[in-house]
Amino acid sequence: MKLVTWNVNSLNVRLSHLLRWLEENPVDVVCIQETKLTDDKFPLAALEAAGWHVAFSGQKTYNGVAILSRQPLADVVRNNPRYPDEQQRILAATIGDLRVVCAYVPNGQAVDSEKYVYKLGWMAALRDWLAEELARHPNLAVLGDYNVAPEDRDVHDPAVWEGEVHVSPRERAAFQALLDVGLTDSFRLFEQPEKSYSWWDYRMLRFQKNQGLRIDHILLSQPLVARCTACTIDRAPRKWPQPSDHTPVIATLAEA
DNA sequence: ATGGCGCTTCGCAAGCGA
């Protein structure tokens, strides 16, 4: 089965991209970030017509997350129960024998800004909650836009980015703390092309020059690591007209 | 050093993203 994470940067604008990509790519679970839609505006009918079970949690203008699944979703949880948050950034659901968490980690804006402090606190609370989720659900997959490039090889030019938001030592430590509860970055289980990224700035021809960051990740608990046979980034939709600045990341799991 | 682009909104400029 295939699990996907994709920050669509407005589901309103990108619905046609999403539907096209889903037609071209037979997958089972899709975690979406930055829907930027209140729940009353969510395109539920279009996605159900395409054969998806859907859970979503949105707000006006910013953030918003959704999970699409070929199988029914159960035990849907909005937000981190340990961290009251007006911003809609987390959705969890049980799908078959998997517990799936869709996460949109705060951007952080600039190191030491108010938003950066929020990001670090938010990630620490996520870690605490994921430790509990993992105890309840050994088959845990956490997919999302983490807004952290874990290592220098995930950054097109580490010298330019040194100390900046997305790569700062405290953000990388907060990301490592997520792994330390018992999760693994599935992308690095496998040989990967050099200069693999999942986001490129719209400006300055960053995509054409492949000057990006790898900030969208699929983290797997140990039993799922044992089942994981591939993790890839699909750059194709970034080349379509009016693309999201992020591109899908796909993990493949063998049946238990 | 700056801005470049794109999306959003009680739009016509500004906040935010990354």
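Before reading on, note that the structure itself is shown above.
Residues numbered from 1 in each chain as written. Chains lettered and ligands numbered in written order. Predicted model: local features only at pLDDT ≥ 70, side-chain atom pairs only at ≥ 80, totals over all residues. Heavy atoms only, no water.

### Here's the deal with the nonpolar core
Here is step 1: Judged by nonpolar contacts, the single largest core of 26 residues is most densely connected at Leu3, Ile67, Val100, Leu220 and Leu253.
Here is step 2: Broken down by element, this core gets its largest block of residues, 4 residues, from strand S7 (residues 98–104).
Here is step 3: Each residue touching Leu253, except ones within four places of it in the same chain, is listed here: Met1, Leu3, Leu98, Leu220, Leu224, Arg227 and Cys228. (Core = buried A, V, L, I, M, F, W, Y, C linked by side-chain atoms within 4.5 Å. Buried < 20%, exposed > 50% of the residue type's maximum accessible area, 1.4 Å probe, protein only. Helix = DSSP H or I, 4+ residues; strand = E, 2+ residues; numbered from the N terminus. Contact = heavy atoms within 4.5 Å.)

### Some details on the protein's contact with DNA strand B
Here is step 1: Taken together, 22 residues are adjacent to DNA strand B, and Ser10, Asn107, His166, Trp199 and Arg203 come closest.
Here is step 2: Sugar and phosphate atoms constitute 65% of the interface atoms of DNA strand B, taking the interface as everything within 4 Å of the protein.
Here is step 3: Contact between DNA strand B and Asn107: a base nitrogen at 2.8 Å from a side-chain N or O atom of the residue.
Here is step 4: A distance of 3.2 Å separates a phosphate oxygen of DNA strand B from a polar side-chain atom of Gln242.
Here is step 5: For the surface near DNA strand B, the element with the most residues is helix H1 (residues 11–24), which contributes 3 residues.
Here is step 6: Of the residues belonging to the surface near DNA strand B, the class tally is 7 nonpolar, 9 polar and 6 charged. (Near = heavy atom within 4 Å. Polar contact = N/O pair within 3.5 Å; in protein donor to acceptor, adjacent residues only side chain to side chain. Nonpolar A, V, L, I, M, F, W, Y, C, P; charged D, E, K, R; others polar.)

### Section: the state of the cysteines
Here is step 1: Under the counting rule described, the total for this entry stands at 0 disulfides.
Here is step 2: Looking at the unpaired Cys31, the closest cysteine sulfur is the one in Cys102, lying at 4.3 Å. (Disulfide = S-S within 2.5 Å.)

### A word on the pattern of salt bridges
Here is step 1: Per the counting criterion, the structure on display carries 15 salt bridges.
Here is step 2: Ionic pairing is found between Glu133 and Arg99, a salt bridge with its closest N-O pair at 2.9 Å. Of this pair, Glu133 sits in helix H3 (residues 114–136) while Arg99 sits in strand S7; the two residues are 34 residues apart in sequence, bridging distant segments of the chain. There is no split in this pair, since Glu133 and Arg99 are both buried.
Here is step 3: Across the pair Glu151 and Arg153 runs a salt bridge, and its minimum N-O distance is 3.1 Å.
Here is step 4: On the accessibility criterion, Glu151 (34% relative accessible area) is partly exposed.
Here is step 5: One network of salt bridges, with partners in common, ties together Asp154, Asp185, Arg188 and Arg214. (Salt bridge = Lys/Arg side-chain N within 4 Å of Asp/Glu carboxyl O.)

### Things to note about H3
Here is step 1: Over its 23 residues, H3 extends 33 Å from the first C-alpha to the last, a length consistent with the 33 Å expected when each residue adds 1.5 Å.
Here is step 2: Of all the residues in H3, the buried ones are Tyr116, Tyr118, Lys119, Leu120, Trp122, Met123, Ala125, Leu126, Trp129, Leu130, Glu133 and Leu134.
Here is step 3: Buried positions along H3 lie against strand S6 (90–95), S7, strand S8 (140–145), helix H5 (169–180), strand S9 (183–185) and strand S12 (216–221). (Expected span 1.5 Å × (residues − 1).)

### Brief notes about the sheet that holds strand S14 (residues 249–253)
Here is step 1: The strand order across the open sheet formed by 6 strands is S3-S4-S2-S1-S14-S13, and the pairing between neighbours is mixed. Of all the strands in the sheet, the pair left with one neighbour each is strand S3 (53–57) and strand S13 (228–233). For this sheet, the mean angle separating the axes of adjacent strands, direction not counted, is 10°.
Here is step 2: Across 5 bridges, strand S2 (residues 29–33) lies against strand S4 (residues 65–69) in antiparallel orientation. Counterpart to Gln33 in the pairing with S4 is Val65.
Here is step 3: The strands touched by H1 within the sheet are strand S1 (2–7), S2, S4 and S14, with S1 carrying the most contacts at an inclination of about 160°. (Pairing = 2+ DSSP bridges. Axes fitted to C-alpha atoms, helices over the stretch in contact; angles between N-to-C directions.)

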